[in-house]
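Observations on the three-dimensional arrangement
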Amino acid sequence: MKFDLSIIGLGYVGLPLGLQFAKSGCRVLGLDIDPAKIKEIEAGRSYIRHIPAEDVSMQVKAGRFSVSSDFSKIRDCEAVVICVPTPLNKNREPDISYILKTGEAIAPFLRPENGGQKTEGGGRKKLVVLESTTYPGTTDEDLRMVLEKGSGLKVGVDFHLAFSPEREDPGNPQSKVAEIPKVVGGLTPTCLERTKELYGKAIKKLVPVSSTRAAELVGKENLLVMDIPLLYLVVMLTVLEAEVEEEVVLTYHVLEFPFLQVEAEVEVEVTQIQASAVIQEIQEVVLELLHIIAYL
Ligand SMILES: NC(=O)c1ccc[n+]([C@@H]2O[C@H](COP(=O)([O-])OP(=O)(O)OC[C@H]3O[C@@H](n4cnc5c(N)ncnc54)[C@H](O)[C@@H]3O)[C@@H](O)[C@H]2O)c1
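Just so it is clear, the model here is predicted, and its values are computed rather than measured. (Residues numbered from 1 in each chain as written. Predicted model: local features only at pLDDT ≥ 70, side-chain atom pairs only at ≥ 80, totals over all residues.)

A separate point is the sheet that holds strand S4 (residues 77–82). Spatial ordering of the open sheet is given by S3-S2-S1-S4-S7-S8-S9-S10, a layout of eight strands whose pairing is mixed. Pairing within the sheet leaves two strands with one partner each, and these edge strands are strand S3 (65–68) and strand S10 (206–209). Across the sheet, the mean angle separating the axes of adjacent strands is 25° when strand polarity is ignored. By the bridge criterion, five bridges tie strand S1 (residues 3–8) to S4 in an arrangement that is parallel. When the sheet's bridge partners are listed, Phe3 is paired in S4 with Cys77. (Pairing = 2+ DSSP bridges. Helix = DSSP H or I, 4+ residues; strand = E, 2+ residues; numbered from the N terminus. Axes fitted to C-alpha atoms, helices over the stretch in contact; angles between N-to-C directions.)

Encoded structure:
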């Protein structure tokens, strides 16, 4: 059986995302190393409190959501989305060992001729997207190295690679995967195009950014600013990309406050400071702005 995508890691992030793709008509393969989770899903049950069992059983019965712990099935998937854990280590940095292990497990099965829909030019190149929260550089350095070494393939030439931060909103019971705008960044323009094509099947609004590093930074800072994603995103990325050295004034017209539905303008002065300091400053400005708006 061929799959549109595989979701690796069926936890709080991977299971709802996989179900959303399945609801949108994709054939999804869920992969996890935990046999208890595989058993539960095969039986049409949910082990995540806010996901009703019917959501799982309906997609399993319809044949759109299958599960396994056999990673060789990656051969039959056009795309792979990695949602494994990245717990903080003793330095409070994400531990990326789960990501690297997953990379090693999938690398032998990334050849295009082994899977994906056949095209006139042969098998379609596979797309790998990392969603786990991590620090900038994980995708284009660490994961890329493991995938290239284990497969003998070249990223951008033989397969595509991208990062898209997970957008679960744990404090919001009304949160719907399809409704939350999703940031996507690819290693090459074609990687980005393939990523947009994939997520566009299940997510209503995509926010493409210039690189995997930019997307990783958004993910790392994400939870703080769940209510104001677009403003924050624009400011943060511009800072990242401008490599601020001289004194500049960044002015942003805010087009979208998802919950407040207002327009506003924010001005931030930046003087030879690093992106992280700028981000902190922006957070303060934005929070202040939200506070003012709330009392209008
Ligand atoms: N849950 C949230 O609300 C939330 C919020 C922000 C960020 N994140 C990030 O999203 C990522 C996933 O988090 P989560 O909450 O879904 O984690 P989780 O612990 O709920 O689920 C992770 C799943 O991955 C599986 N797994 C572990 N190693 C694996 C491997 N090598 N191969 C296949 N499966 C493997 C586990 O069995 C588990 O089912 C993490 O990077 C986390 O920091 C999650």
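Among the residues making up helix H6 (residues 189–199), those that are buried are Cys191, Leu192, Arg194, Thr195, Leu198 and Tyr199. Angularly, the buried residues of H6 cover 165° about the axis, an arc narrow enough to put them on a single face. Packed against the buried residues of H6 are S1, S4, strand S7 (126–130), strand S8 (159–163), strand S9 (182–186) and S10. (Buried ≥ 20, exposed ≤ 12 C-beta atoms within 10 Å, placed from the backbone. Arc of directions from axis to C-beta. Contact = placed C-beta atoms within 7 Å.)

All right, on to the nonpolar core then. Across soluble globular proteins, nonpolar side chains show a tendency to be buried alongside one another. By size, the foremost hydrophobic cluster in this structure holds 58 residues, and its most contacted members are Leu5, Val80, Val81, Ile82, Val129 and Ala162. The residues contacting Leu5, other than those within four sequence positions of it, are Phe21, Cys26, Val28, Cys77, Glu78, Ala79, Val80, Val81 and Leu198. (Core = buried A, V, L, I, M, F, W, Y, C linked by C-beta atoms within 7 Å.)

Burial of the side chains of strand S2 (residues 28–31) extends over both faces: Val28 and Gly30 are buried on one face and Leu29 and Leu31 on the other. Here four bridges tie S1 to S2, and the two strands are oriented parallel to one another. Bridging from a neighbouring strand, Ser6 pairs with Leu29 of S2. Here S2 pairs with S3 via four bridges, running parallel. In the strand pairing of S3, Leu31 is matched with Ser68.

Neighbouring the ligand are 25 residues; Gly9, Gly11, Tyr12, Val13 and Ser132 lie closest to it. In terms of residue class, the shell around the ligand is made up of twelve nonpolar, seven polar and six charged. (Near = placed C-beta within 6 Å. Nonpolar A, V, L, I, M, F, W, Y, C, P; charged D, E, K, R; others polar.)

The N-to-C vectors of helix H1 (residues 14–23) and helix H3 (residues 53–61) enclose an angle of 50°; their axes lie 10 Å apart at closest approach. Of the possible angle classes, the one that applies to H1 and H3 is oblique. Crossing of H1 against H3: the hand is left-handed. Residues Leu19, Ala22 and Lys23 of H1 pack against Asp55, Val56 and Gln59 of H3. Across the contact of H1 with H3, the residue classes break down as three nonpolar, one polar and two charged. (Parallel < 35°, antiparallel > 145°, perpendicular 65-115°, else oblique. Left-handed = near helix turned anticlockwise from the far one by under 90°.)

As a further point, take H1. Most of H1 is tucked away: nine of the ten residues are buried. All buried positions along H1 are accounted for by Gly14, Leu15, Pro16, Leu17, Gly18, Leu19, Gln20, Phe21 and Ala22. Where H1 is buried, its residues meet S1, S2, H3, S3 and S4. Gly25 occupies a position one or two residues after H1 and carries a positive phi of about 100°.

Time to look at the packing of helix H4 (residues 97–106) against helix H5 (residues 138–151). In contact at an axis separation of 8 Å, H4 and H5 are set at 30° when each is read in the N-to-C sense. It follows from the interaxial angle that H4 and H5 lie roughly parallel. With respect to the hand of their crossing, H4 and H5 are arranged in right-handed fashion. Judged by residue contacts, Ile99, Leu100, Gly103 and Glu104 of H4 engage Thr138, Asp142, Leu143, Val146, Leu147 and Gly150 from H5. Grouping the constituent residues of the contact of H4 with H5 by class yields five nonpolar, three polar and two charged.

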